[in-house]
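A closer look at the structure
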Amino acid sequence: MSLLQVKQVSLSFNSKKLFKGKDLSKKVLNDISFAIEEGTCLGLIGTSGAGKSTLGKVILGIQRPQQGQVLFQGYDIYNADKATQQKIRRDLQVVFQDSYSAVNPRMTAERIISEPLENYEKLTITEQRKRIIELLERVGLSEKDLKKYPHQFSGGQLQRINIARAVALKPKLIVLDESVSSLDMVTQSLILELLNELKDDFGLSYLFITHDIKAAFLISDTLGVLEKGELIELYDSKDQFFSSKHPIVKRLRDSILAEHPRFRTLTTKANWVNTNRLSKQL
Amino acid sequence: MKSNEQNILNVRDLHVQVRTPEGLSTLVQNINFEMEKGKILGLVGESGSGKTITSMSILQLLDKKRMNIEGSITLHGRELNGLENKEMRKIRGKDIAFIMQNPMNAFTPVFTIGHQFVETIRTHSSLNKKQAKELAIDTMQSVNLPNPDKLLKSYPFQLSGGMLQRVMIAMAACLNPSVIIADEPTTALDLHNQLLVLRLLDKVRSRYGTSILLISHDLGVISEMADDVIVMQYGRIVESANVFDLFDHPEHEYTKKLLRTRPTLYSQKQPYTYML
């Protein structure tokens, strides 16, 4: 059985225009089905507004879909009893894009990471501290970072703390919602490396939501393409992305920037003699 | 001072220091580069390497009470460093335009785009309102923005980030500046919009002969756009080279590391070539 199954999920946001009573419902997700196997990573690619993050929220149990089911380890997360729900929450973690807004600015790194431990594991203070130091070291930080506040870290370091918090309870699935998008290229590749290592260490599965095709390629085993709320393509292997004939996939593929100036697509020849008609009057 | 006819902007021995309670702290040092007409100069570096500080010091936007800016920055042979704020305001927007990372913050939400567009034009020229609007529409048409009339009447929050960034570029281009500084223009955008914005910048460059200082941490953007590249690390330039040389034969260890660690799609054998 798959770790996570999403079955025919549809979601629309309804709103009525003030006074006129006009219906302005917007379909955000339309009949989406897929599964994530244990120990694998599904990369979900899409442009902004495609519904990627909404799908992430649906899977995390934050946004109830109008139709369809989300099964985590066989349990329907929206129709589970309290005890099961608690268990699911433990095994289902998330890392968001903006690392600063994902932490409380008034908490030290130690308290940030201790929160999930306090909720789920009854540890003594010394045990807990030992666990936190282990986690910090695992994500590439050290003991002296324990007492620091979020503003004393860089974006990449703070993202490491978010990752440490997410893996603290040894979850089964982590939803990575644009987790590396706002980092610079050096930090980005370091974090991706860390995520790959953690995946093997803890036997994690990821749902990697991104618009960065290159990052998705580096980390995912399977790929999905989301466009306007529909999962238009789902690939078992990454190579299929390149052979796909779908116009939207083709457009995405064309938007990948060249890796070497030899392959650049922008080759406009300069002709700046004919300047703007009006700007001559300036 | 040596002056080269070809060079629009010259930066010589730029040092920027910030005064802290513990004393002076150096942000960037020994920055030397020049920009030629119609060329795109790429500036690469990780966060905190001094890319933005360099661009801000060209525009003299740094707080002079807290910062020491030394060195010479010349535009068409005119020294910009130490220029009065009043004089500098005439240059910003007209001779040197600035495109910011987040277009949502660059516009004020309370006025229409047209209002802000016309305001910019009229500040720097003697055109009347009608002519300014005409120029705005003209520029927007020349950079292929759909429905310029409708765009000018809309408010910034009614447009998507990609669209707004393109309007921003049109606005930067309309006064025909000699230099455009684009500070991470596509970082906040998704892949498709990124390509549209880059194409637009390239179009502005080829049409108006503007020199562009393109700041980015994305080597994809650099390889797609730049003619020459400067690599910065810890506030210093570690390597500056032609874009082909840099990608083929990186010399500095740091550049090699950058090129090695970036995520790639293709194994070395055959690159996937795509058509437009």
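Computed from a predicted structure; not experimentally measured.

This paragraph deals with the packing of aromatic side chains. Taken as a whole and assessed by the stated rule, the structure comprises 5 aromatic pairs over all chains. Taking 5.8 Å as the distance between ring centres and 70° as the angle between the ring planes, the aromatic pair formed by Phe 217 of chain A and Phe 241 of chain A counts as edge-to-face. Linking Phe 217 of chain A in helix α7 (residues 213-219) with Phe 241 of chain A in helix α8 (residues 240-243), this pair joins segments that are 24 residues apart in sequence. Neither residue differs from the other here; Phe 217 of chain A and Phe 241 of chain A are each classed as buried. Where Tyr 155 of chain B meets Phe 157 of chain B, the ring centres are 5.7 Å apart and the plane angle is 10°; that geometry is what we call stacked.

Right, let's get into the environment of Leu 218 of chain A. Here Leu 218 of chain A shows up in helix α7. With 22 residues separating them along the chain, Leu 218 of chain A and Asn 196 of chain A place their C-alpha atoms 9.0 Å apart.

Residues and elements named next belong to chain B. At a minimum axis separation of 10 Å, helix α4 (residues 113-124) and helix α7 (residues 161-174) run at an interaxial angle of 20°. Our classification of the angle between α4 and α7 gives roughly parallel. Here α4 runs over α7; the crossing is right-handed. When α4 is examined against α7, the residues Ile 113, Gln 116, Phe 117, Thr 120 and Ile 121 are found in contact with a partner set consisting of Leu 164, Val 167, Ala 170, Met 171 and Cys 174. Considering only residue class, the contact of α4 with α7 consists of 8 nonpolar, 2 polar and no charged.

This part takes up the sheet that holds strand β10 (residues 230-235) of chain A. Residue and element names in this part refer to chain A. Taken in spatial order, the 6 strands of this open sheet run β6-β7-β8-β3-β9-β10, and their pairing is mixed. Two strands close off the open sheet at either side, each with one partner strand: β6 (92-95) and β10. Between one strand axis and the next, the sheet turns by 20° as a mean value, whatever way the strands run. Summarising the sheet, strand β9 (residues 222-227) and β10 pair through 5 bridges and their orientation is antiparallel. Its bridge partner lying in β10, Val 225 is registered against Glu 233. On top of the sheet, helix α5 (residues 155-167) reaches β6 and β7 (173-177); it is set at about 175° to β6, its chief contact. Contacts from helix α6 (residues 185-202) reach β3 (41-45), β7 and β8 (205-210), with the element oriented near 155° to β8.

All names here are of chain A. When pLDDT is averaged along chain A, the result is 83, and 90% of the positions lie at 70 or above. Confidence, read as mean pLDDT per element, is least for α8 in chain A (81) and greatest for β7 (91). The low-confidence segment residues 272-282, where pLDDT is below 50, has 27 contacts with residues more than four positions distant or belonging to other chains.

Cut-off values and rules
Sequence order as written defines the numbering, with residues in each chain counted from 1. The naming scheme follows written order: chains are lettered A onward, ligands numbered 1 onward. Given that this is a predicted model, residues contribute local features only at a pLDDT of at least 70 and side-chain atom pairs are listed and counted only at 80 or more, while totals for whole chains, interfaces and linings are drawn from all residues. No hydrogens and no water enter the side-chain calculation; it runs on all heavy atoms of the structure. Any Phe, Tyr or Trp ring, taking Trp's six-membered ring, that has another such ring centre within 6.5 Å forms a pair; planes under 30 degrees apart are called stacked, those over 60 apart edge-to-face, and the others tilted. Helix and strand assignments follow DSSP, with helices taken as H or I runs no shorter than four residues and strands as E runs no shorter than two, numbered in order from the N terminus. Accessibility here uses a 1.4 Å probe with only protein chains present; expressed as a share of the type maximum, an area under 20% marks a residue as buried, one over 50% as exposed, and anything in between as partly exposed. Axis lines are fitted to C-alpha atoms, over the contacting stretch for helices. Their N-to-C directions set the angle, which ranges from 0 to 180 degrees. For classification, angles of less than 35 degrees are called roughly parallel, those exceeding 145 degrees roughly antiparallel, those between 65 and 115 degrees roughly perpendicular, and all remaining angles oblique. Handedness of each helix crossing follows the sense of rotation of the near helix against the far helix: counterclockwise by less than a right angle gives left-handed, clockwise gives right-handed. What makes two residues a contact is simply this: any of their non-hydrogen atoms within 4.5 Å. Gly is placed with the polar residues, together with every amino acid not listed as nonpolar (Ala, Val, Leu, Ile, Met, Phe, Trp, Tyr, Cys and Pro) or charged (Asp, Glu, Lys and Arg). Two strands qualify as a pair provided DSSP detects at least 2 bridges between them. Scored between 0 and 100, pLDDT is the confidence that the predictor attaches to each residue.

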